Every structure is written in C-alpha cells, then in structure tokens.
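Breakdown of the fold
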Amino acid sequence: MSKVILIGKPDEALNACLSGMHELQFGYAENEAAVLPDTACVLIMQEQAGSSLQKTVNLLQKRGIPAAVLTSDGSEENQEYLLDLGAAQYFILPMKASLLQKRILALIGSHEGAGTDAGLELLMQIAKDEQPRGAFSVSEADFTKIYRFVLRLQERTEKKAQLVIFRFDTRLKTPVEPGTLEDAFPIVQKCLRKGDIVSMFGQTIMAILMAAEESGGRVAAERIINTYQAYYSGSIFDMKYEMRPISE
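Throughout this document, residue positions are counted from 1 along each chain, in the order its sequence is written. Per-residue local features of the predicted model are confined to residues with pLDDT of at least 70, and side-chain atom pairs are confined, for both listing and counting, to 80 or more; whole-chain, interface and lining totals are unaffected and use all residues. Only hydrogens and water are removed before side-chain values are computed, so all heavy atoms of the structure are retained for them.

**Brief notes about the overall build of the chain**
Counting its secondary structure elements, the chain contains 8 helices and 10 strands. Computed over its C-alpha atoms, the radius of gyration of the chain comes to 19 Å, within 12% of the 18 Å expected for a compact globule of 248 residues. In terms of its C-alpha atoms, the chain occupies a principal-axis envelope of roughly 55 × 45 × 30 Å. Burial classes: relative accessible area under 20% of the type maximum marks a residue as buried, over 50% as exposed, and values in between as partly exposed (1.4 Å probe, protein chains only). When burial is assessed residue by residue, the chain has 44% of its 248 residues classed as buried. We call two residues in contact when some of their heavy atoms are within 4.5 Å. Considering only residue pairs separated by 6 or more positions, the chain has 68% of its internal contacts joining residues 24 or more positions apart. Secondary structure elements follow DSSP: runs of H or I no shorter than four residues count as helices, runs of E no shorter than two count as strands, and numbering proceeds from the N terminus. As defined in this context, the radius of gyration uses C-alpha atoms, and a globule is described by 2.2 Å times the residue total to the power 0.38.

And the structure:
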C-alpha cells in the first residue's frame, strides 16, 4: 500500500473524498520535515501552506519525492503562479474521487520505475567504492532512490534492512541550530559499516543498514548515540534515534 502524506490540517470534505481509496494510505503532516523517504508522494494544500509553499515544493524536489499541490483556485493566474513556483503538478478541487485517485496513482507511478533503476545504479557505485571504512554518504535525493530500491529488493530476499533516523532535540524543543547535524554526521558515518548508506535528510540524519537484523541495528545506533554524547557532552541537544524495518 502506497503511503501518501498531506501537508496541512485535516479537511472533512477532502477526507470524505479520500476515504474510498483503499490502495493508498493517507496521513497528515504540519510541514515537509515529517516526510520520510518511504513516502510515495506528497499532496500540499495550497490555502494552508501560504507563503511557505515554495519552500515546501523546493525541499521535496531536493529529496526526490513526487508532490502535487491541492488547490481550490483554478484560475489561470493561480495556475501560472504554481508553475512559476516549480509546482508542475497541481490538482484543482473539488474533483471526482475516482479521478483524483487516478491522478495520485499516476503521480506515484511516474517516479517509481526511474527511482528504482537509479537506486540500483547508485548501489552498484557504492559496491565499487574504495573507502576503507564507514557508511557511504549520499544526497537526500539519492538516499530516497536507494531507499525505494532497497524496499523493492526486500520482496525477493530474506536479508533484512533497517532505516535508522537520528533526531536532535531539547527539553524546550529548541529548533536544531546550524552546524549540529554537520558535527554529528562524521560520527554516524564512521560508526557504521562499509556498505551502509547515510544522509543528512532535512533536520535529521538517516541511515540504511543493509542486511541488518533489528538487534544488530540497535547495537550500532546506541554506539553512535553514546559516541556523540561523549564528544558533545556540553551541547544542549540530545541525540535520539528511531529504527524501523524497510519492508512493504
């Protein structure tokens, strides 16, 4: 089942339209920071996004996650505005539920094949990498491509893979300061095995642990946490992790 994230607050009329789309799993998020690489596509609610719309569109493009804008303004002026922002896909509401579902599935399908092929090519490059140790560092978009290929790979192999998400927070929920991720990233990279993949993904650091069981993944993640806390014991930020299996 494909995971679709809507950026904005829940809308009763929209929920009624989406309720019969059983091939898709919908969820809401306040902003793009909550969008993970397992997201098949994102729908951005224009009226709620306001001035942050362009930032959201740009960040999702940077991560290689397909997105469309939901809007109730079908005027030519608004369509030109969305295109100028870089939002090549937009769905004008209200729309018949069956048509909206087909548009969403087409949006997902337009990226799936290319993303899987690109993920395979990237993994082949990583296999040839001659760095002596540590995880392979990739961009957000490449991380998404590799994640999607590994997801497909799980259908045909018994070897498991784990996604680990490292976050930084304080008791007062202070936003992550510039430089925090950059300080922690070398620790994460060096503490993981050659063949694992790591990326700075938004305000988090994400890692794919290839051929890893949950128990082994937790040992590696906790080693990283302990190493970070030892190096940056005076930091106001605590490093925490969440781990989930990469599976359909």
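**With respect to the pattern of salt bridges**
Here a salt bridge means any side-chain nitrogen of Lys or Arg lying within 4 Å of a carboxyl oxygen belonging to Asp or Glu. Within this structure, the stated rule accounts for 11 salt bridges. R244 serves as the salt-bridge partner of D38, at 3.7 Å between the closest nitrogen and oxygen. Separated by 206 residues along the polypeptide, D38 in the loop between β2 (24-29) and β3 (41-45) and R244 in strand β10 (residues 238-245) bring together distant segments of the chain. We classify R244 as partly exposed; its relative accessible area is 22%. Linking K62 and E140 is a salt bridge whose minimum nitrogen-to-oxygen distance equals 3.4 Å. Pair noted here: K62 is in helix α3 (residues 53-63) and E140 is in helix α6 (residues 140-153), with a separation of 78 residues, a long-range link.

**Examining the packing of aromatic side chains**
Between the rings of Phe, Tyr and Trp (Trp by its six-membered ring), a pair exists once the centres lie within 6.5 Å; its type follows the angle of the planes, with under 30 degrees stacked, over 60 edge-to-face, and the other angles tilted. Applying the stated rule across the entire model yields 4 aromatic pairs. An angle of 55° between the planes, with centres 6.0 Å apart, marks the rings of F143 and F201 as tilted. With F143 in helix α6 and F201 in strand β8 (residues 197-201), this pair connects stretches of sequence that are 58 residues apart. A relative accessible area of 0% means that F143 is categorised as buried. The exposure class of F201 is buried, given its relative accessible area of 2%. Here a set of aromatic residues connected by ring pairs shows up, and it is made of F168, Y228 and Y232.

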